[in-house]
Each structure stands twice: as structure tokens, then as C-alpha cells.
Amino acid sequence: MEGALPQTWPNAAELLTGSTLDGGWKVVELLPRRPGATGGNFSVGYRVEHPDGRQGFCKALDYASALSRPNTPEALHLATEEYIFERDLHRKCEERRMSRILTALDDGQTFVPNCPIGQVDYIIFELAQYDVRRALDVEADLEATLRLRALHNVAAGLRQLHQAHIAHQDVKPSNVLILRNGLGERSSKLGDLGRATDAGRPALHDVYAIAGDRQYAPPEQLYGAVPVEFGPRRLACDIYQLGGLTTFMFTGATMNSLLSAELHPSHSWLAWSGTYSEVLPYVRDAFGRILEKIRASIGSAVAGDVTDLIRHLCEPEPTCRGYAVSKIGGGNPYALQKVVSRFDLLARRASKGSLVSV
Amino acid sequence: MTATKGSDNRVVLPRWRAWRDSRNSGELEPLRSQPERSRSLLSDSTSEAEISQRLADFKAWNGTYEAADVVNAAIVLGLEDYPGVHEAAKTLRGSSLPAVSELAERILSHDSSKSDDILHELESRANLDAVQSRDEDGTRVAWLRSIVQSEPRNSLRWADLALAHTVLGNKRPAARAIRVAVSLADGNRFILRAAARFHVHEGDFDAAHSILTANMDNLVADPWLMAAEIAIADMSGQRIRYTSHGRQLLAGDFPPRHISELASALATLELKAGRIKRARKLFEQALEDPTENSLAQAEWSMERGINVLPPTHLHAPQDFEAETRHSLRLEKFRDAAIQARLWQEDQPFALEPATHASYIASTLAEDYKLAIIACEKGLIANPGDPILLNNLAFSQANAGLIEAAKRNIGSIVMADDAKKLLIRTATSGLIAFRQNDPHLGRELYQESIIGWTRQENGNVGAAMAAIFWAREEIRARSQHVIPALKLVDSLCDKIPPGSDVDILRHRLIDDSEHQI
């Protein structure tokens, strides 16, 4: 089925360069679209500047893109819902002062004349310097300090979300953003709540068995098992993704790629046709071998501690994931307090004698 | 007398191997397909979108970690040959990230084999000319213990630890380890079958039965578990309770490999009941995509005159027992001895391969060194076993190791098993001959032969003892050769042609013609 708008018609979401948005934000340049993305990808990005010197990233909702999709009403509904959900989620984060979640500086609507659909809804975020992959490429001298502090910040960000009954669902290197303030000081934050789940509010993507990126999805999701309860399904997913991120930042490999390589081909999620509980013993055995590889691969003073963290974070069984100490006393079995503390402690140890603050 | 292989009342007992050596059997595969929903999650266009996004980031920055992100995604999503992935993989060659470099190399070399398989080779043990030393087996135990200490929920390694202990004859630690494995198993078929096999090895058929019937829903739904249950009940002489359930499973929509052993188990019941036609039909079903265990069962039935194997020689991975039996049928005794040793290496805890290997090697292949190794290996897991001690003494006597033979024959402790006693008596006769005491040797052989003739179905034992007595008389160039040969002739009168006794008799005749 053809989309509702001819492709030659002007797309308001792509014509914001040079305009000034509410709050004084000036739209400086249109950023290239990234091929593919988790979600419907109904947005365009701009670099924006505020008269007070702040820079930002503007995410503009692209109605035209939605209208050009097959099944237009559904696409339009999806785009609108995604936008509203993300905007409201960021407002909630702001209300709760979540310091480790990328801040939404503003949101609103603007109008572009002479377009069939002139309204453009947008959200303006803090502008990140780059994501953590680039940081690891260009700032390798910081080594363990950078990695551990970034991981501490991600863990803290997840903890802030979890305390508000929100699960991120898409923790991965490209969503760990490195920012620099006016004084040149670095910080790292967790961005992109586009696939998050709010226990108090349903979202369209809640029904997906794998809400976020498959590469960081926990194994139960890859094998098609979807726990019902919020804890094992959502919080345990975030915890696994944090472990996957840790694995990536210390070895360059992800837990899932290592699992895929270590599992016998017939036990891979690409081939397995049984249930997750049936394949779990084989996944668990592969996981044990992988931990030894990770320990050897890291090969530094923090290898033992980092491997132990990964062991708990990437535990294959979702109901056992996280730190056992968190499961004692009937508290939240997925509490991240100990994880945050351990990353913080390790980062401090790694940076002792250094003034670098990431 | 001679070595013996003991009773050969074969049933389709579950094999027990280290779990990674069990993958060829199909035992670790799921029975049924999940709804296609889960598969499509990984094959839709979203996968391509995910890899495209990473490739774009890699092209934009050309950094190590962007390349790593591409390689990881390609492996996870099964898109190793997606355009641009190899370029990213090349960037990682020689990087300071060994784990991801290894993954990149795998993509570049199109290596579909897994490190898993390489490790598998390291775990398998096939040094046929040496007894695995206790040190090596002990090292394996220590290695597995360290694994379960750091991975206490790893049920597979607990089962492997139980196996390693069983191979060493460490009964209590083995029992503890298998108990832990079962408690963690959550119905895992491999572990339940391993545990059942462990209890059979220990002679505790009730415990084996309990393991398999603890979850009846599992049992009646899983042909692998059902096959084990029927085989163990058959072996222990218990009532076979689930034959009808087994037949229902055979009629189910399972891939042929999954029902191969169940069909064999049911075929064996029919064979024993004399319903040959039914047995043959079930064996045909078992051999559609057979496990090595089913192949061995079919070879066993061929030994009993039930022609169930097709003219083309069937093979299955690790089919050492089937090959042993096949080589025996073809009277290729050297091949049979080697295959039996491989079978023993594959099932190092089990008595059957040890007795078969030592019997074939010593009696039919006359490879006494191989027979001694088979006995020594078998005695580690089965200390004091009278058949193995007898076969060891027989082989040692033939190899000129008289003192060791005397020591081992003297260490046999047996209560009131008359037949085993007669075997020991004959072997003692051999030892006496070899230590230049033909008078005593002759007495002992004659005592054994007379004893056998008084036993029900003792003609084979009597003939065998007579053949080996005659062999010793020929070797001693004594005046008793002719009476001994006459006795052999009379005792072999009703021995079927082609049987082991018949083969040994003809060898004896050849020897006598050369020597007399």
C-alpha cells in the first residue's frame, strides 16, 4: 500500500534548520539519519544552540515518515505514542532529578509553513560529545578508570530508573553518552528511553519479546522465553544488559557474541527449537567457560572483580540474576545498590592518584 | 581356562559420557519445535537494521570499538557474511582485544566449527595402548571440582564430576555429585539418564527406576527417558510397566533419532518373547536414524540370528560397540579388539566393554598386552571384579607374567558362583602349566571340565576349558595331547559352527598339525 503523502511533498521535520524554537533554541544543523534503529525511527535529529551557550540535540517527530509507511494509521499511532511516552518519561526523570539519565532540556511543538503537515513536535536533550565506543577509541589512555566510572554511572542511572519503576530495556554502548560541560569536565549518562517500560504506564513496545537491541538482549529473550512479571522480565533484562555492556567495555566482545561462539551450533538461539529451560544447562556451561575467557582477556588488576560482576549481572537464569545479597530479606531481588557500590569502589581504586573525573 | 566376556544379555542401557561427548547422539536436542514466533525474532528485517546501524557508525568513525560492535552483532544475529562485516573484522586483526579478535578471525576464516569442538577433542580419551593413569583421572576430578565450586548451579558439570569419580571407583563422591546434578537438572534428559546409568552401575535398579519415574509427565512424553526405563526394567527383571506408553511415543511425530533407542528397547522385549516379526519391524524403525546404542543392539540381535541390519553397513558416531560386534561377526578379531578398547574408552566405568575387550583381545585376537590394559582399566572402576581379574591373570600368564598372574588369580573373591569358580580353576590350570607344573595344570583343567559338564548348559564352558587344556598339552609336547584333543572333539560335537568355541577348536587343530 502506498503512503498517504507523495514523496515530493516537503517534510516539515526536515526543514527546521535556521528556525528558532520555543525557549530560544536555534536549530543549527540537520544531522544525518542513521540507518536502522530500534523502534519505528520516526524522528530526525538536529544540533541546536541556546543563546546562553548551551548546546543540545533536538529529536523532531517526523509525521511525514509515519505517513509514508504502509498501514498509515498504525504508523502514525506508533510515532505519536513513542513520542509522548518518551517525553513524559523524561519529564518524570526530571521530576525525580535522575542525574545519570540524559536530561531532556525542553520539549514543545513548532510549525513549518507551506507543508501539508506543518506541526513538528520535538524534544531537546543535552548534547553528548560521543558515545562510549568512541570514548574508548580516542581515550584509551584512561583505560580502566574511564570504563569503570562510565559503568558506575550507567548502573546508577539504571538504579534511578528502577526506583521509579522504569526499566530501560536498551542498555548498550551507543546509548552510554559522554558529555562535557562548559569547564571541559566529562561525565557519562544513559540515554535513549525510547524502549523503556514504565510499570505504571503501558507502552506500545511493551508487547515485544525483545524490546531493545538483540545484541544485548538477555538469553531468555533470544530463546523466545518471556517472563511475565516486571522484575524478571524488565529489571533482570536491564541487569543483563549492564553485564553485557561491562563485557563489551573490557573485552570488545559482547556476552551474547561470546555465548554464540561458545555454544554448540545446535544449542544456539538461531537453531534451538526447544524451551529456554531445556537449553539453560548448556547456556550455563558455556557461560562458565566464557567467564574464564573474560578474566584472561582483561588480564589487569581488576580482572577478578570485573569478572565477578559480570558473573552476577549476566547470570543466565533471570530469577537468579543480580547480587545474591540483594535477594536476602525479602527486599527487591533486582536491587542495584551493591552493583553501583562495587563499580564505584573499583573506579575509585583504578583512578587513585589520578585527577581524571569521567 | 580362558578369558570370558560374561553374560551378554544386552539391553539399550543409556550411555554415560561427559556431556560434551554426548552431543552426537541427539540426546541433547529438543524433542519438539517451539512456535515459530521465537525464531522469527531473529530473522526479520530488524536484524538487518541493527547491523546496518553499526556499520554506519563503523564507517563514520572507523574505530576499534565500532568494528567490535559490528562483529558482535554479526555473530549474534547470524549475519557474518553481511556486506561490510568482513571489513570491520579485518580492523580487529591484531587488536589489543583478544576476545573480540578471536571472534573476528572466526568470521574471516568462515570457521563454523566452534572452540567447543576443539575442546571436545581434548576431553575425549583414546590412547588405547595405555591405561589412563589414576593421576590423569584424578586431575580431571580436580578440574571438575574447581568448575562446580565456581559454578555450583552447573548441573552438567556435576554429572561429569560424578562420571569422573565413577571411572575412578569413588562411589560415595560419585553418588553425591550425581545427586546434586539431579537436584539441579529440572528434568534435563541427559542428567536423568546419566543418573539412571550410574545407579545401574552401582547395581541399584530401584534407584535408577525412581530417577526416571520421579516425573511421570516427563517420562511418558520423552522417548529417551522411556527407552531407559524399559531397558533398565528389562535388565533387572522387573515388570515392564510402560510398554503401551512406549508404543504411543513411537507413533508420535518425533524425528527418527529421538525414537531410535525406544524402538530398540521395545524390539528387544519382542525378541526375548520370541515375536521375531514384531522385533524386526521395531528394529527397522530404530535403524531409520540410529544412535550407536541402537546399532549395537541390532548387531547383538544379528548374533542371535535375527537379521535386522540392512546389507549396507550402517554407521553412527561413537559406534564402537556396534563395530566390535560387527567385526566379530566377520571374524576380524584384531579389529574387534581395537573397537572394543575404543568402546571401553568411551564408557570407561562400565564392566561390559572391559570384559568384552579383554576377552576378545586375549582369546580371539591373542593380543595379551591389549587385554591386560583393558583389564587394568576396567578394574579401576570395578575393583575386584572376578571376570576381569580372571581375564587379567589369563592374559598375564600367556604373556609370561606368571607371578602377576598368580597374584591376580589368587585375589579373586567369589561367594558361590559355581561357573566363575570353574573359570578360575581352569585359569589356575593354565598358570600351573606356564610355571612348568603340567601335572597340577592337568588336574585343574580336568576339574574344571568335569565341573562344567555338571552345569546346566555347561557344554560351551567345558569345550572351552578342554581346548585350552589341549593347547597347553601341545605347547608342553606332552603325551596327553591325543586324549586332550579327543576330549575336545567329543565336547565340541554340539557346538554350532562359527561360534567362538568352533573358531578356537579349528585354531587348535591347526596348531596340533604343526606341532605334532
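Look up: the structure comes first, before these words.
As a starting point, this report considers the structure included with it. (Residues numbered from 1 in each chain as written. Chains lettered and ligands numbered in written order. Predicted model: local features only at pLDDT ≥ 70, side-chain atom pairs only at ≥ 80, totals over all residues.)

Okay, the overall build of chain A next. When its secondary structure is counted, chain A shows 10 helices and 10 strands. Its C-alpha atoms give chain A a radius of gyration of 21 Å, near enough to 21 Å, the size a compact globule of 358 residues would have. Counting across all 358 residues of chain A, residues that qualify as buried make up 53%. Nonlocal contacts in chain A, meaning residues at least 24 apart in sequence, comprise 66% of its contacts between residues at least 6 apart. (Helix = DSSP H or I, 4+ residues; strand = E, 2+ residues; numbered from the N terminus. Rg over C-alpha atoms; globule rule 2.2 N^0.38 Å. Buried ≥ 20, exposed ≤ 12 C-beta atoms within 10 Å, placed from the backbone. Contact = placed C-beta atoms within 7 Å.)

All names here are of chain A. Ordered in space as E6-E8-E9, the three strands form an open sheet in which the pairing is antiparallel. Every interior strand has two partners, whereas the edge strands, strand E6 (130-131) and strand E9 (186-190), have only one. Packed onto the sheet, helix H4 (residues 143-163) meets strand E8 (176-180) and E9 and runs at close to 40 degrees relative to E9. (Pairing = 2+ DSSP bridges. Axes fitted to C-alpha atoms, helices over the stretch in contact; angles between N-to-C directions.)

Let us look at the sheet that holds strand E1 (residues 26-30) of chain A. Residues and elements named next belong to chain A. Taking strand neighbours across the sheet as the criterion, the five strands line up as E1-E2-E3-E5-E4 in an open arrangement whose pairing is antiparallel. With partners counted over all chains shown, the strands left at the sheet margins are E1 and strand E4 (104-111), one partner each. On average, each strand axis in the sheet is tilted by 30 degrees relative to the strand beside it, whichever way the strands run. In terms of strand pairing, E4 meets strand E5 (residues 119-126) through seven bridges, oriented antiparallel. Counted as the bridge partner of Gly-108 is Tyr-122 from E5.

Between chain B and chain A, the contact holds 47 residues from the first and 45 residues from the second. Mapped by element, the contributors of at least two residues to the side of chain B that touches chain A are helix H1 (36-40), helix H2 (45-61), helix H3 (64-77), helix H5 (98-108), helix H6 (115-123) and helix H8 (155-168) of chain B. Residues of the side of chain B that touches chain A, tallied by class, amount to 19 nonpolar, 14 polar and 14 charged. (Nonpolar A, V, L, I, M, F, W, Y, C, P; charged D, E, K, R; others polar.)

This paragraph deals with unusual backbone geometry. Within the chain, Asp-192 of chain A stands out as a residue other than glycine whose phi angle is a positive 60 degrees. Among the secondary structure elements, Asp-192 of chain A is positioned in the loop between E9 and strand E10 (197-198). Its 24 C-beta neighbours within 10 Å are what place Asp-192 of chain A among the buried residues. We note that Asn-436 of chain B has phi near 60 degrees; this positive angle belongs to a residue other than glycine. One can find Asn-436 of chain B in the loop between helix H24 (418-434) and helix H25 (438-453).

Another point: the pairing of E8 of chain A. Along any regular strand, the residues point their side chains to alternate faces of the sheet. Residue and element names in this part refer to chain A. The pairing of E6 with E8 spans two bridges and is classified as antiparallel. Each bridged residue has a counterpart across the sheet, and for Tyr-130 the counterpart in E8 is Ile-178. Across five bridges, E8 lies against E9 in antiparallel orientation. The residue bridging Val-176 from the neighbouring strand is Leu-190, located in E9. Counted along the chain from E8 to the antiparallel partner E9, the turn is five residues long, and its residue Gly-184 has a positive phi close to 85 degrees.

Distances and angles like these do not, on their own, reveal function.
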